Amino acid sequence: MINRQSLLDQEARLAFWMLAPTFIVVMAFVVFPVIWNLWLSLKPVSLGDLRGTSLFEFNLSLVNFQKVFGDPDFVPVLLTTLVYTVGGSFLSIILGLTAALLVHGEFPGRGLLRGLFISPYVAPVVAVTFTWSFILDPQLGVLNWMAVNTGLLTQPIPFLSQRWVELDIMGVSVRLPLALTSVILFEGWRYFPFAFLFILARLQSIPDELYQAASVDGASPFQRFYNITLPQLATVLSTLFLFRFIWTINKFDDIFLLTRGHAGTKVMTIKVYDYAFGEFNIGAGSAVAMVLFAILLLFLFIYFRWIVKET
Amino acid sequence: MSREHLETNIIRILRILGIIFFVIIVAFPFYWMIVSSFKSLEEILLRPANLWLDIKKINFRAYYEVLFEHGFARHISNSAYVSIITVALSVTLATVGGYAVTRLRFRGQAFMSYSILVIYMFPAIVLVIPLYVVFSHMGLRDSMHVLILVYLAQTLPVALYMLRSYFQNLPVEIEYAGLIDGCSRMGVIWRIIIPLSAPALASVALYTFMIAWNEFLFAFMFLDTPEKFTLSRGVVQLAGSVHLSKQLVMAASVMVTVPILVLFLFFERHLVRGLTSGAMKG
């Protein structure tokens, strides 16, 4: 007769084997690299050291962090990262909210529009970045040519390769970081579908009775939006900001493919790459990656402190 | 006109304008990608502001060159290979693992379920240097199979989490019936769970395929030999080697975009459900 304890043991053993492959893959390719990254950030490692045994020598120092924090680029890169992350997150959520409100409700062609609106998010990053670079190109780009031909511009604008642009808004001259703005706009374009999907799903679950009751009480459509829809969306909007912030601060591909980090778009992920594979300084690259990771953890800490206090 | 009427009409107009705006900004890049890929180099250089494609001048030259002179025939099969193997492994392991996390009692069960999500947050750029160093050291870096393992690690936690959410909502009584009739746990998964979870499995498969097919950073860092390039890696290589021939880059972009978009539009509902349930439940 099998007793209960041995049945439980058997179940636990089975669970172990069922989860072992996932566990091993994740340990080897996610957890171990993070630890190994910490190790590398505390050692003077160059690209030339990859074949030898010096990788395993116990010669830890803070020399990489000294280099990273002492770099005159450090503060500008940090600022660019924050502007890009906050700007990109907000823009994608605002666009997503707008798109969701537009598509919400019953009308013909709705499914088609929904499919279309999600395509920037589903399409491969290389394809959309190269297409936008082509469209925005100052020599061959359709946007600049159309603007010049119609007299909208006197000369083409290098959207992705010029750091600053002077704008004249009603007599006031404003200096705008051009390439950074273009990259943030791209971010909004590419990632609004993510916010769109979540907000649309949430919109559909707001009970109709709320709107009917408000109508009976004489609330106009804009009042209903402001007093019912927005409060109902508060949670999903703040969750979306958390997700978008984390993913945007971690983003490398988009900026790398659009500008390579030139013209004032150098964010921390690009700096990691520049150190490690531009200057062949693996140690400094790892150190920046650790700083990025620390900022991420700090953000999570603040976010959850704040959210826990709010609710 | 009452306030209700006025606002309703304003909203109607704003909605139409808004939809037109979104349709243009979303569709135009894809339209431009396709149109440019069918143009000749002269057309690209001499008439850059021409929005239309002259049907009589449609030119397949760019596709021919990209496929056979720039090695994209090979890149396509590499991408398909890497993505399909990743999907097969990810779905299998996530099904088995997701089942274990939902139905079996063991120590560390809660830990396993929550650590899954933490992993979701790890920046790829933090992982890429250490993995680059390790695989370079071992001489294994330039390999599609290593790439598959990396993609597996990136997709498995999310896949497992998505399936866990789904399995939790399946009635456990059917499984008891199966177990009493003498099915093993694996038999239960094969005969009961998998047939009942077809939509969820489709979502997971699509999600994983999308990640593997579109991935750029690891493919860019790991692969050195053109014969092993995936499509994303190939497009970057091509864009770096041809400066004015934008029609080639656009043709290559169409090749990498069309399969994923077609697949996605075909199974749109599944993917939407996958994307939302994967990140929202729990």
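Rules and cut-offs
- Residue numbers here run from 1 along each chain, matching the order of that chain's written sequence.
- The naming scheme follows written order: chains are lettered A onward, ligands numbered 1 onward.
- Predicted model: local features are reported for residues with pLDDT of at least 70 only, side-chain atom pairs are reported and counted for 80 or more only, and whole-chain, interface and lining totals are derived from all residues.
- Note on conventions: DSSP H or I runs of at least 4 residues are helices, E runs of at least 2 residues are strands, and numbering of each starts at the N terminus.
- Two things to know: the radius of gyration comes from C-alpha atoms, and the globule rule equals 2.2 Å times the number of residues to the power 0.38.
- Each residue is classified by how many other C-beta atoms fall within 10 Å of its C-beta atom, where C-beta atoms are placed from the backbone; a count of 20 or more means buried, 12 or fewer means exposed, and values in between mean partly exposed.
- C-beta atoms are first placed from the backbone for all residues, and any pair lying within 7 Å is then listed as a contact.
- Note on method: axes are straight lines fitted to C-alpha atoms, helices fitted across the in-contact stretch only, with angles between N-to-C directions ranging 0 to 180 degrees.
- In these notes the angle categories are as follows: under 35 degrees is roughly parallel, over 145 is roughly antiparallel, 65 to 115 is roughly perpendicular, and the rest is oblique.
- Each helix crossing is assigned a hand: it is left-handed if the near helix lies turned anticlockwise from the far helix by less than a right angle, otherwise right-handed if that turn is clockwise.
- Classification used: nonpolar for Ala, Val, Leu, Ile, Met, Phe, Trp, Tyr, Cys and Pro, charged for Asp, Glu, Lys and Arg, polar for all others including Gly.
- Any two strands with at least two DSSP-identified bridges between them are counted as paired.
- Domain delimitation in this document rests on an assignment produced automatically or drawn from a domain database.

## Side note on the overall build of chain B
Thought 1: If you tally the helices and strands in chain B, you get 14 helices and zero strands.
Thought 2: Of the regular secondary structure in chain B, the N- to C-terminal order runs α-α-α-α-α-α-α-α-α-α-α-α-α-α.
Thought 3: In terms of overall dimensions, chain B is more spread out than a globule: its C-alpha atoms have a radius of gyration of 24 Å, far above the 19 Å expected for 282 residues.
Thought 4: For chain B, with 282 residues in total, the buried portion stands at 44%.
Thought 5: Considering only contacts in chain B between residues 6 or more positions apart, those separated by 24 or more positions represent 77%.

## Things to note about the overall build of chain A
Thought 1: The secondary structure content of chain A amounts to 12 helices and two strands.
Thought 2: What you see for chain A is a C-alpha radius of gyration of 25 Å, clearly larger than the 19 Å of a compact globule of 311 residues, by over 25%.
Thought 3: If you line up chain A on its principal axes, its C-alpha atoms span 75 × 70 × 35 Å.
Thought 4: Relative to its full complement of 311 residues, chain A shows a buried share of 39%.
Thought 5: A separation threshold of at least 6 residues defines the contact pool for chain A, and within that pool the share at least 24 residues apart is 65%.

## Thoughts on the packing of helix H7 (residues 144–168) of chain B against helix H10 (residues 198–214) of chain B
Residue and element names in this part refer to chain B.
Thought 1: At their nearest, the axes of H7 and H10 sit 10 Å apart, and the two run at 160° to each other. Relative to H10, H7 is oriented roughly antiparallel. Here H7 and H10 pass one another in a crossing that is right-handed. Across from Tyr151, Gln154, Thr155, Val158, Ala159, Met162, Leu163 and Tyr166 in H7, the residues of H10 making contact are Ala200, Ser203, Val204, Tyr207, Thr208, Ile211 and Ala212.
Thought 2: Each residue belonging to the contact of H7 with H10 can be placed in one class, and the counts come to 11 nonpolar, four polar and no charged.

## Details of the interface of chain A and chain B
Thought 1: Opposite the 71 residues of chain A that make contact, chain B presents 80 residues.
Thought 2: Of all the elements, helix H1 (residues 4–41) of chain A adds the most residues to the side of chain A that touches chain B, at 19 residues.
Thought 3: Residue classes in the side of chain A that touches chain B are distributed as 55 nonpolar, 13 polar and three charged.

## Remarks on the pairing of strand S2 (residues 172–177) of chain A
Residues in a regular strand point their side chains to alternate faces of the sheet.
Residues and elements named next belong to chain A.
Thought 1: The buried count for S2 comes to zero of six residues, which makes it a mostly uncovered element.
Thought 2: Summarising the sheet, strand S1 (residues 164–169) and S2 pair through six bridges and their orientation is antiparallel. In the strand pairing of S2, Glu166 is matched with Arg175.
Thought 3: Between the antiparallel neighbours S1 and S2 lie two residues, among them Met170 with a positive phi of about 50°.

## Side note on the domain arrangement of chain B
Often the size quoted for an interface is simply the accessible area lost on bringing the parts together.
Residue and element names in this part refer to chain B.
Thought 1: As assigned here, chain B comprises domain 1 (3–60) and domain 2 (62–280).
Thought 2: Inter-centroid distance (C-alpha atoms) of domain 1 to domain 2 is 32 Å.
Thought 3: At the junction of the two partners, domain 1 supplies 10 residues and domain 2 supplies 11 residues.
Thought 4: Take the side of domain 1 that touches domain 2: its biggest share by element is four residues, from helix H1 (residues 3–37).
Thought 5: Its residues placed into classes, the side of domain 1 that touches domain 2 shows six nonpolar, three polar and one charged.

## Brief notes about unusual backbone geometry
Leaving glycine aside, a negative phi is the common case for residues, and trans is the common case for peptide bonds.
Residue and element names in this part refer to chain A.
Thought 1: The phi angle at Arg260 is positive, at roughly 60°, despite the residue not being glycine.
Thought 2: Backbone geometry at Phe280 places phi at a positive 60°, although glycine is not the residue there.
Thought 3: If you trace the backbone, Phe280 turns up in the loop between helix H11 (268–278) and helix H12 (282–310).
Thought 4: By the C-beta count within 10 Å, which is 14 here, Phe280 ends up partly exposed.

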